[in-house]
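# Chain and residue survey
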Amino acid sequence: MKFTKNELYFIAALIVFTVVVHFLNLGLFPLFGDEGIRGTVSFEMMKHENYIVPSKFGWYYYRKPPLYNWIMIGFFYLTNSYSEFVLRLPSVIPLFLFGATIWYVAKSKIGSKPALLAAFLFILSGRLLTRDSMLGHIDIFYSWVTFIEFYLIWYFWKRKAYWKLFLFSYLLAAAGVLMKGLPSFIFQGATLFVWSIYLKDFKRLFSVQHIVSFLLFAGIIVGYFYAYAQYNSLETYFNELYFQSSQRTVVEHAWWENVLQLITFPIENFGHLFPSSLLLLFLFKKDTVRNWLKDDFMAFTFLVLAINSIPYWLSPGYYPRYLFMLYPLLFILGADAYFKRKDKWAKLNNWILGFFLVFGVAVALAPLYTFSVDYFTEKPFHIWGVLLMLVIGVGCAFFWFKPKYKLWASLAFVALFRLGFDLYILPYRVDVEQSQYVFRKETSKKLVELTQDAPLYLYKNTPMFEEFGYYIGTEKDQIIQIKGNYKSGNYYLTTDSMLPENQSYDRIYSFELGYEDFVIRLIKVH
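Overview of the structure.

Two numbers describe a pair of packed helices, the interaxial angle and the distance between the axes. Axis separation between helix α2 (residues 35-48) and helix α3 (residues 67-79) bottoms out at 9 Å; the angle between their running directions is 70°. Judged on the interaxial angle alone, α3 and α2 are roughly perpendicular. Residue-level contacts link Arg38, Gly39, Val41, Ser42, Met45 and Met46 of α2 to Tyr68, Asn69, Trp70, Met72, Ile73, Phe76 and Tyr77 of α3. When its residues are assigned to classes, the contact of α2 with α3 shows 9 nonpolar, 3 polar and 1 charged.

Okay, structure coming up:
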């Protein structure tokens, strides 16, 4: 299953196209989801010049250790920018490094074509394509590190290089703990356990190599928390890390939710991975698992996927992004099955690739609708965007009808969808729909304009989204801190129930927070 020279040219173009559409308009949409938290915590660590103790609004932040923040801070320093584009680079760049790693890990065992297909299926899966690859969340980077951790275990165990096996995998596990806390304990422990059982080498877990490596792992983690303890108590930190890991598990939900989760989990994930998940239909053959268990690489991939999926399958409150380190394992299995069965299962293959053609044609033609929307027709380069979508769509369709390119052209249609999303959906959401995220950014600019260089504080437990802390803080180059008392001459964000009683003040500005009907007042105390 080697690529021809012309196929390589097409694949190279597909890779470039996929990369470009992931960076196009990357910084257009305002901070979303957990981005405000990641950005605010990173910014405050920089301002405090304390890279051990995370904080948010000047108070201790306990929910994540700081390793990902260190990486984000590095990008802030390198670019001298706090833009949304820069904030998202620590997530988007690792996405493509992740894809390259999937290909590199799998190519020698299942072939270069199936390995490349697995990488593309992951990168172009629905959840990543339309949401997480656009955001500066921790999950893609963390999952990439965890994926490498998995396959280092397989690689070095196969070569009986036990010192390297345990040392390198535990170093990555330690990095995982310093990014996200307790889940890395589970991933490392479950993977070592299930693979030692498969190899009938459970005694290896009691070897000096394992014990020393575990002590090094523990030493790194203890070292960080020892440094942290010089500034603050660890009790609340540990409690919060445990709470973060347990709040979405089976013990936190009613029995009927847990039963329903057993049924809906595979269905939900098929949807999250769509349309890539269509090719997973080639997995459904009765002797599939038996054949996997005869090959060490496929057995490892299946067993690690199976055992590490259990906690999420049993957890009704999980988020799909928690499984990003596991989805590539599923796609490795699926890509291998696809290339082995596509000729025998020609009808299914034609149906699936035919769907991609119909999907791609619809995507290429969809921008024609924008001629009926004033917002788009008023754009100076509108016609060029429509023509670009049509030309690329026609090009993909041309190659789709050539058998050797049909699969890769089908994937190109999915990348074309992302291009349309970048050119039309994102700008419309920002400029026309004016979501709460746009409101938070625009309101932050207004607050900066009103307060200029003067200090601005949050009063006591005034509710506030982290996006305000990031936008205002980075623009004013100051931490928006929580204060427990009013001081003359300062600006405060507060609510009606907490306005000063014994001090005079001016009401400068008010806005609805968009959370439980809270109205926030900007005041200046005299």
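The topology assignment puts Gln209 in helix α10 (residues 208-229). What makes Gln209 buried here is its relative accessible area of 14%. At 3.2 Å, the side chain of Gln209 forms a polar contact with the side chain of Ser207. Apart from the residues within four sequence positions on either side, Gln209 is in contact with Tyr162, Trp163 and Phe166.

Among the nonpolar cores identified, the biggest contains 141 residues, and Leu117, Phe122, Tyr151 and Trp408 are the most heavily contacted of them. If you tally residues by element for this core, the top one is helix α7 (residues 139-158), at 13 residues. Apart from the residues lying within four places of it in its own chain, the contact partners of Trp408 are Phe3, Glu7, Phe10, Ile11, Leu14, Lys113, Leu116, Leu117, Phe120 and Phe339.

Moving on, we get to the pairing of strand β5 (residues 491-494). Of the two faces of β5, both are covered, the one formed by Tyr491 and Leu493 as well as the one formed by Tyr492 and Thr494. Bridging between β5 and strand β7 (residues 519-525) involves 4 bridges; their strand directions are antiparallel. Among the inter-strand pairings, Tyr492 is bridged to a residue of β7, identified as Ile523.

What follows is about empty space enclosed by the protein. Counted according to the given criterion, the structure contains 1 cavity of 30 Å³ or more. In this model, the largest cavity occupies a volume close to 30 Å³. What lines the largest cavity is simply Arg38, Tyr61, Lys64, Pro65, Tyr68, Asn69, Ile138 and Met179.

The next point concerns the pairing of β7. Burial analysis of β7 places 5 of its 7 residues in the buried class, which makes it a mostly covered element. Sheet topology note: the strand β6 (residues 505-512)/β7 ladder contains 7 bridges and is antiparallel. In the sheet register, Tyr505 faces β7, and the bridge partner there is Val525. Once β6 ends, the chain turns through 6 residues before running back antiparallel as β7, passing Gly514 with a positive phi of about 85°.

Further remarks concern the layout of surface pockets. Of the voids in this model, the second largest pocket is the one considered here, and its volume is about 660 Å³. Along its surface, the second largest pocket is lined by 24 residues, and Pro266, Leu283, Leu305, Trp313 and Leu330 are the ones closest to its centre. The set of elements that each furnish at least two residues to the lining of the second largest pocket consists of α12 (255-272), α13 (288-292), α14 (296-313) and α15 (327-341). Element by element, the count of residues in the lining of the second largest pocket is highest for α14, at 6 residues.

Moving on, we get to the packing of aromatic side chains. Per the counting criterion, the structure on display carries 71 aromatic pairs. The interplanar angle of 20° and the centroid separation of 6.2 Å between the aromatic rings of Phe355 and Phe359 together place this pair among those described as stacked. On the criterion of helical spacing, the pair formed by Phe355 and Phe359 is a turn pair, its members being 4 residues apart in helix α16 (residues 346-365). According to the relative accessible area criterion, Phe355 is partly exposed, its value standing at 27%. Given a relative accessible area of 22%, Phe359 falls into the partly exposed group. The side chain of Arg204 reaches across the aromatic face of Tyr162, ending 3.8 Å from its centre. For the cation-ring pair, Lys406 lies above Trp400, with the distance from its terminal atom to the ring centre recorded as 4.2 Å.

Here we take up unusual backbone geometry. Looking along the chain, the bond that leaves Phe274 and enters Pro275 is cis, with omega of 5°. Among the structural elements, Pro275 can be located in the loop between α12 and α13. With a phi close to 55°, Lys200 is a non-glycine residue in the positive phi region. Looking at the element boundaries, Lys200 is found in the loop between α9 (183-198) and α10.

As a further point, take the sheet that holds β5. Strand order in the open sheet formed by 5 strands is β4-β3-β5-β7-β6, and the pairing between neighbours is mixed. Two strands lie at the open edges of the sheet, namely β4 (482-483) and β6, each paired on one side alone.

On to the pattern of salt bridges. Applying the stated criterion across every chain yields a total of 22 salt bridges. A salt bridge links Lys285 to Asp287; its shortest N-O distance comes to 3.2 Å. Glu442 is the salt-bridge partner of Lys445, the closest N and O atoms lying 3.7 Å from each other. One end of the pair is Lys445 and the other is Glu442, both in helix α20 (residues 436-451) and 3 residues apart, which spans about a single turn. Classification of Lys445 by relative accessible area gives partly exposed; the value is 47%. For Glu442, a relative accessible area of 41% translates into the label partly exposed.

In this section: a nonpolar patch on the surface. Taken together, the side chains of Val361, Leu365, Leu368, Phe371, Phe381, Ile383, Trp384 and Leu387 define a hydrophobic patch exposed on the protein surface, amounting to about 800 Å² of accessible area. At the level of elements, α16 and α18 (382-400) are the ones that each hand at least two residues to the nonpolar patch. Inspection of the secondary structure puts Phe381 in the loop between α17 (374-377) and α18. With a relative accessible area of 63%, Phe381 lands in the exposed category.

Parameters at a glance
Residues numbered from 1 in each chain as written. Predicted model: local features only at pLDDT ≥ 70, side-chain atom pairs only at ≥ 80, totals over all residues. Heavy atoms only, no water. Axes fitted to C-alpha atoms, helices over the stretch in contact; angles between N-to-C directions. Helix = DSSP H or I, 4+ residues; strand = E, 2+ residues; numbered from the N terminus. Parallel < 35°, antiparallel > 145°, perpendicular 65-115°, else oblique. Contact = heavy atoms within 4.5 Å. Nonpolar A, V, L, I, M, F, W, Y, C, P; charged D, E, K, R; others polar. Buried < 20%, exposed > 50% of the residue type's maximum accessible area, 1.4 Å probe, protein only. Polar contact = N/O pair within 3.5 Å; in protein donor to acceptor, adjacent residues only side chain to side chain. Core = buried A, V, L, I, M, F, W, Y, C linked by side-chain atoms within 4.5 Å. Pairing = 2+ DSSP bridges. 1 Å grid on protein atoms, 1.4 Å probe; cavity = no way out; pocket = protein on both sides within 12 Å on 5 of 7 lines; lining within 4 Å. Points joined across faces, edges and corners; volume = space filled by probe spheres on them. Phe/Tyr/Trp six-rings, centres within 6.5 Å; stacked < 30°, edge-to-face > 60°. Lys NZ or Arg CZ within 6 Å of the ring centre and 35° of its normal. Salt bridge = Lys/Arg side-chain N within 4 Å of Asp/Glu carboxyl O. Patch = residues over 30% accessible without salt bridge, like charges linked within 9 Å, V, L, I, M, F, W, Y side chains within 5 Å. Areas by Shrake-Rupley, 256 points an atom, 1.4 Å probe, with all protein chains shown as cover.

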